[in-house]
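Here is how the chains run, residue by residue.
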Amino acid sequence: MLKPEDMSLAGKTALVTGAGRGIGYAIAETLANFSAEVLLLDKDEALLQAAVERITAAGGRAVGHRVDVTDAAEVNRLAEALSEQGAGMDILVNNVGDHLNLIKPFLQTSEEEWDAIYDINLKQIYRCVRAFAPIIRDAGSGGSIINISSIEGYRAIPTCATYGAMKTAISGFVRNLAMELAPYRIRVNAVAPETTETEQVDPKAFTHPQYLEHWDIWNPMGRWGQPKDTAAAVLYLASNLSEWVTGTTMHVDGGALAAGGWYRMPGQEQRWTLAPVISDSGFIY
Ligand SMILES: NC(=O)c1ccc[n+]([C@@H]2O[C@H](COP(=O)([O-])OP(=O)(O)OC[C@H]3O[C@@H](n4cnc5c(N)ncnc54)[C@H](O)[C@@H]3O)[C@@H](O)[C@H]2O)c1
């Protein structure tokens, strides 16, 4: 029988990358609220300090480390320091990711742009798993590795093909790594959010004002995502409640993937259309 305490992360240590703001901050705050000790990583010192202060002021246990996850030396230095301290780790959340405003037809993109998108969305996951997963394995108590993918790994995103490719690759990596780490009782999963209101993605800012009338029907559930939506999925995957869940991706998207191309019709709650209801892309880019 499951009990509320199965949701608790008491006694566990979690590392969250890109935890200074947005979805990463919400994940760190949530894991701390459920009693984990949280190591926050961010490349931005000011964001990091503010995030740690907010969590500790609320009674959580949080330590900040200024680390740029695209820098192998910085990642490895922290891993070595944690190993030397004998610090355990149970949960690793690879949250960093960015579209880098690379929004243009694929045939106009450069190899350098491909490499930059690869580095910030995929290779940094390689670096962090390679550096921190051995700490989880060596502690011998199992664990959970959670990677933040995107709905764009599951549906096409025209003019962002490179970003979509990297987010799709995360799911393949998760399936394979889950098998390799299962003998150590380390689970590996991903969470794939739809558009979530953060500093990186401000949907109101890139929607033409004349289309804001469609705001409440753009997503089947009537709103965009909030960082806490993804944090809730991460909490489940981090806790013992998901002890038999590995190699999979949780969709946190208000039903967008299920809807495919279906949209509610303006002003008509129960009517839906597959036809475009606006005359251009709707976006300011
Ligand atoms: N916001 C969305 O709509 C959305 C949708 C789907 C998936 N995602 C994914 O969610 C994750 C978080 O997105 P967000 O919108 O919260 O982003 P954000 O840009 O608002 O926050 C990212 C955080 O990561 C830090 N960071 C960036 N590069 C770093 C690096 N190299 N090393 C260490 N820290 C670094 C930033 O300083 C910042 O604190 C990303 O993987 C993103 O692809 C976001």
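Residues numbered from 1 in each chain as written. Predicted model: local features only at pLDDT ≥ 70, side-chain atom pairs only at ≥ 80, totals over all residues. Heavy atoms only, no water.

### Describing the site of the ligand
In plain terms, the rule: Nearness is judged by heavy atoms alone; a residue qualifies as near a molecule or strand once a single heavy atom is within 4 Å of it. Whenever a nitrogen or oxygen atom comes within 3.5 Å of another N or O atom, the pair is scored as a polar contact, on the condition that within protein one atom can donate a hydrogen and the other can accept it, and that pairs from neighbouring residues in sequence are kept only if both atoms are in side chains. A run of DSSP states H or I qualifies as a helix once it reaches four residues; a run of E qualifies as a strand once it reaches two. Both are numbered from the N-terminal end. In the scheme used here, Gly and all other residues not listed as nonpolar or charged are polar, with Ala, Val, Leu, Ile, Met, Phe, Trp, Tyr, Cys and Pro taken as nonpolar and Asp, Glu, Lys and Arg as charged.
For the ligand, the set of nearby residues contains 30 residues, the closest of which are Asp42, Asp68, Asn95, Thr196 and Thr198. Between the ligand and the protein, one listed contact pairs an oxygen atom with a side-chain N or O atom of Arg21 at 2.8 Å. One of the side-chain N or O atoms of Lys167 is found 3.0 Å from an oxygen atom in the ligand. Put simply, the parts of the chain that give the shell around the ligand at least two residues each are helix H1 (22-33) and helix H5 (161-181). For the shell around the ligand, the residue count by class is 10 nonpolar, 12 polar and 8 charged.

### Observations regarding the pairing of strand S5 (residues 143-148)
Within a regular strand, the side chains alternate between the two sheet faces. Keep this limit in mind: Note on classification: 1.4 Å probe, protein chains only; a residue is buried when its accessible area is under 20% of the maximum for its type, exposed when over 50%, partly exposed between these limits. Strand pairing is assigned whenever DSSP identifies at least 2 bridges connecting the two strands. Whether a crossover is right-handed depends on one test, that the path from the first strand over the helix to the second runs clockwise when the strands point away from the viewer.
Counting buried residues in S5 gives 6 out of 6 residues, a clear majority hidden from the surface. Burial along S5 is two-sided: the face carrying Gly143, Ile145 and Asn147 and the face carrying Ser144, Ile146 and Ile148 are both buried. Pairing between strand S4 (residues 91-94) and S5: 4 bridges, direction parallel. Directly across from Val93, in S5, lies its bridge partner Ile146. What joins S4 to S5 is helix H4 (residues 111-139), and the crossover it makes is right-handed. As paired strands, S5 and strand S6 (residues 186-193) are joined by 6 bridges and run parallel to one another. Across the sheet, Ile146 pairs through a bridge with Asn189, a residue of S6. Between the parallel pair S5 and S6, the chain is carried across by H5, and the sense of this crossover is right-handed.

### Considerations on the side chain of Arg187
The criterion, for reference: Positive charges come from Lys and Arg, negative ones from Asp and Glu, while His and the chain ends are left out of the count. One side-chain nitrogen of Lys or Arg within 4 Å of one carboxyl oxygen of Asp or Glu is enough to make a salt bridge. Residue contacts follow a heavy-atom distance rule, with two residues in contact if any of their heavy atoms lie within 4.5 Å.
Take Arg187: it is sitting in strand S6. Despite its burial, Arg187 remains without a salt bridge, the nearest opposite charge being carried by Glu243 at 7.0 Å. A distance of 2.9 Å separates a polar side-chain atom of Arg187 from the backbone oxygen of Ser242. Ignoring anything within four residues of it in the chain, the contact list for Arg187 reads Gly143, Ser144, Ile145, Leu237, Ala238, Ser239, Ser242, Glu243, Trp244, Val245 and Thr246.

### Thoughts on unusual backbone geometry
Its identity as a non-glycine residue notwithstanding, Leu100 has a phi of 55 degrees, on the positive side. Considering the arrangement of structural elements, one finds Leu100 in the loop between S4 and H4. Given the relative accessible area of 40%, Leu100 is considered partly exposed. Here the phi dihedral of Thr159 falls at roughly 75 degrees; this positive angle occurs in a residue that is not glycine. Note that Thr159 resides in the loop between S5 and H5.

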